[in-house]
Structure formats: C-alpha cells, structure tokens
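What follows is each chain in one-letter form.
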Amino acid sequence: MVYPDTFEGFAVQSAETWTQPKRTEYKPRPFEETDIDIKVIACGVCGSDVHTVTGGWGSCPYPLVVGHEIVGHVVRVGSKATTGLKVGDRVGVGAQAFACLQCNQCKNDNEIYCKHQLDTYGATFPGGFISQGGYASHVRVHEYFVFPIPDALETKLVAPMLCAGATAFSPLYRNGAAPGKKVGIVGIGGIGHFGILFAKALGAEVWAISRSNAKKEDALKLGADGYIATQEEDWAAPHAMTFDLIVNCANSSKNFNLDDYLSLLDVNGKFINVGLPEGDGFQIHPFKMMGNAAVFGFSHIASRKEILYMLNLAAEKGLQPWVETVPVGEEGCGTALKRCHDNDVKYRFTLVDYEKAFN
C-alpha cells in the first residue's frame, strides 16, 4: 500500500499573522513501528491554539499547524502496535503525542507528567522534526496516545472532549467528584462548560461560578444545580466552607480575589487550577489557607486511562457539549482562532469538511 510522504495543513506563519494561516505541505517525522497514521476528519479549536500562535505562552516554532482535539480514521498501523487499532477505526488524539512509557510516572498512569512527554504540535522530536497538529490532512502519533471513539459519540461533539473535556475531567475524577460531593466550576467557557457536564455525570452537586449572571441560564441548562455571580456584594459569605472541590477553568487572573474563592472550601477542600492565563498568575499567602486547611493545586490534561473512561462515560450519559462547526481552510481556521481569542463562541469550535479541503 502506498502511504503519503507529505501531509498538508493550515499553518500560522508568525505571531503578527496568526489570523491568516496558509495552506502548507510538510514532511512528517519518520514512521516508527509503534506509530499510527490518521486521516483527519475533524479537529476542535482550543484556547491553547490561540495562546501558542499569538506568542502568548512564549516562543513558537513557526510555521506551525496547531490543533490537538483530533478525530480521524486510521490509515496505517505500525507492526509493533499493541493497542488493537486497525485501519478504518475512528479514533481521537489529544494534546499529548509521546512519553517514554518507562518511568515511574508513565507506569502509574501519569504519563502526562513524564519528563520526556512531547506535545501533539510544536514539540521537537528526534531528528529535529517539529510536531504538527490537526488543522491538517493527516497526523502521525505514537499508538499509546490514539484513542478509540465510542460509536455513540458524534464526531463534531467528541473532538473538543480530547483536550478541553479531558482537562476538565481529570481533576474531577482524581479529586473525588461523586455523589455526596459539592463541586464548584469557576469560569463557564470552553473548559468550564465541560466541567459542569462531567461533574454532573460523575454524580456531584455542581455549582457554576462566574463574574456576572450573563451565563446563568446557560449553566443551568448544562446541568448546574446552582449559580454564583462573584460581582455581587458579599457573594462568598453564604457559601463559606461548603465546597469539597473547586476546579478553576478561568483563563484570566485579572481582578481575581483568590482569598474569597478559598474561603468556600470545607476543611481539606481542594482548589484545582486548569486554566493557564498569560501573565504573572496568582499571588497567595499561607495564612489565607490555614483557616480551612485548603489545598491549592494544578492539573494538566488527562492520562490515557482517564480519557478512555471519560469517552465511555460521555457515551453512556449521552453528554451534549455545545459546539459550533466551521469548515476547515485558511479562512475557517483564521476565523475560528480569532473568535476563540475574542470569546465569541458557545462554547467550542470544531473544524469540519476535511474531505472537501484535502480531497
């Protein structure tokens, strides 16, 4: 069988032209026998894509094809692949494309924290190859980071689960969101709306926390049991020391009074951050955490084990994330990136019509 030796994608050329991706041909890294080649059929648009191509998170290896919420069909399977995938399977790829799989972290389902982990796009692989993402005709990924998609999940809806969904799901799952627990989701955006969906699917009592009441109706439709608007006077007092877990999905720390949020936690309650705002981030003093023995932590995407569980849970519960589709292409990718930057979406984009773009 003849396999393509070049891929095509829509690459951002510079930080100054991040809304004007150009169609580009490039050679993927050499195929390894533990790799899977995937023909892409859809890809979510993530806030990480915007932070990367604008230079907000630092230097970027332009030209770069971004996108790490990838859904496609397997077209090539390495001879040493052992996960059981076969040509034609519908699969997904998230934000991670490689880890050593030998260290203690990897062996304990914490490969996302492997010191040798490499991202789906923008990472330098051996030989100097820069990984390219899913705004493209194909992707090449180590089999461990390729996930079978349950038949019950619609392609356009499952794509954003592979980063945004996984990012929300992991801290909920690891920190005990379950029946009898009260969970707060701060920031009702792309990740936060998944936080509501998955916290509810895990059986917790879920409260949405946002600055104004503008998203109250949306949050309740998504399944939230309650809503807190932090612009209201003394908003925290009625909820002091009542939350077991708060997951902060906000992408900005501007005018964010962290002390008020920590006051919501019950004894040994956890405040876990998944948003990655640009700038200096939070300042915190230990005295503010001693009154309730609060735990302040962070979380990074999700492991293979967690993603597989998340996908099956979403299929079982029939979860319906709020997704707008955009045709993939120079114009479509640029428009989606710009609107994502401007928070002009409820609540995720999925790029579609790949067959038309890469026929």
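Structure shown above.
Residues numbered from 1 in each chain as written. Predicted model: local features only at pLDDT ≥ 70, side-chain atom pairs only at ≥ 80, totals over all residues. Heavy atoms only, no water.

Draft legend 1. Layout of the overall build of the protein chain. Helix and strand counts for the protein chain stand at eleven helices and 19 strands. Taking 359 residues into account, the globule formula puts the C-alpha radius of gyration at 21 Å, and the protein chain, at 20 Å, falls close to it. In the protein chain, which comprises 359 residues, the share counted as buried stands at 55%. Accessible area of the protein chain: about 15800 Å², with a carbon and sulfur share of 49%. (Helix = DSSP H or I, 4+ residues; strand = E, 2+ residues; numbered from the N terminus. Rg over C-alpha atoms; globule rule 2.2 N^0.38 Å. Buried < 20%, exposed > 50% of the residue type's maximum accessible area, 1.4 Å probe, protein only. Areas by Shrake-Rupley, 256 points an atom, 1.4 Å probe, with all protein chains shown as cover.)

Draft legend 2. View of the pairing of strand β14 (residues 226–229). With burial as the criterion, each face of β14 is covered, one bearing Gly226 and Ile228 and the other bearing Tyr227 and Ala229. Pairing geometry for strand β13 (residues 205–210) and β14, over four bridges, is parallel. Looking at the pairing, Ser210 lines up with Ala229 of β14. With helix α6 (residues 216–222) bridging β13 and its parallel neighbour β14, the resulting β-α-β unit is right-handed. (Pairing = 2+ DSSP bridges. Right-handed = clockwise from strand over helix to strand, strands pointing away.)

Draft legend 3. Representation of the environment of Ala314 in the model. Following the sequence through the fold, Ala314 ends up in helix α9 (residues 304–317). What Ala314 contacts, discounting residues up to four positions off in sequence, is Leu153, Met161, Phe198 and Leu319. (Contact = heavy atoms within 4.5 Å.)

Draft legend 4. Quick peek at the side chain of Thr230. Within the element layout of this structure, Thr230 appears in the loop between β14 and β15 (243–248). Its relative accessible area of 16% is what places Thr230 among the buried residues. Excluding residues within four positions of it along the chain, Thr230 makes contact with Ile209, Ser210, Arg211, Trp235 and Tyr261.

Draft legend 5. Quick peek at the pairing of strand β12 (residues 182–186). Extensive coverage of β12 is indicated by the burial of five of its five residues. Of the two faces of β12, the one carrying Lys182, Gly184 and Val186 and the one carrying Val183 and Ile185 are both buried. Relative to β13, β12 is paired through five bridges, and the arrangement is parallel. Across the sheet, the residue bridging to Val186 is Ile209, located in β13. The handedness of the β12 to β13 crossover, carried by helix α5 (residues 190–201), is right-handed. Judged from the four bridges that link them, β12 and β15 form a sheet pairing that is parallel. Residue pairing across strands places Gly184 opposite Ile246, the latter belonging to β15.

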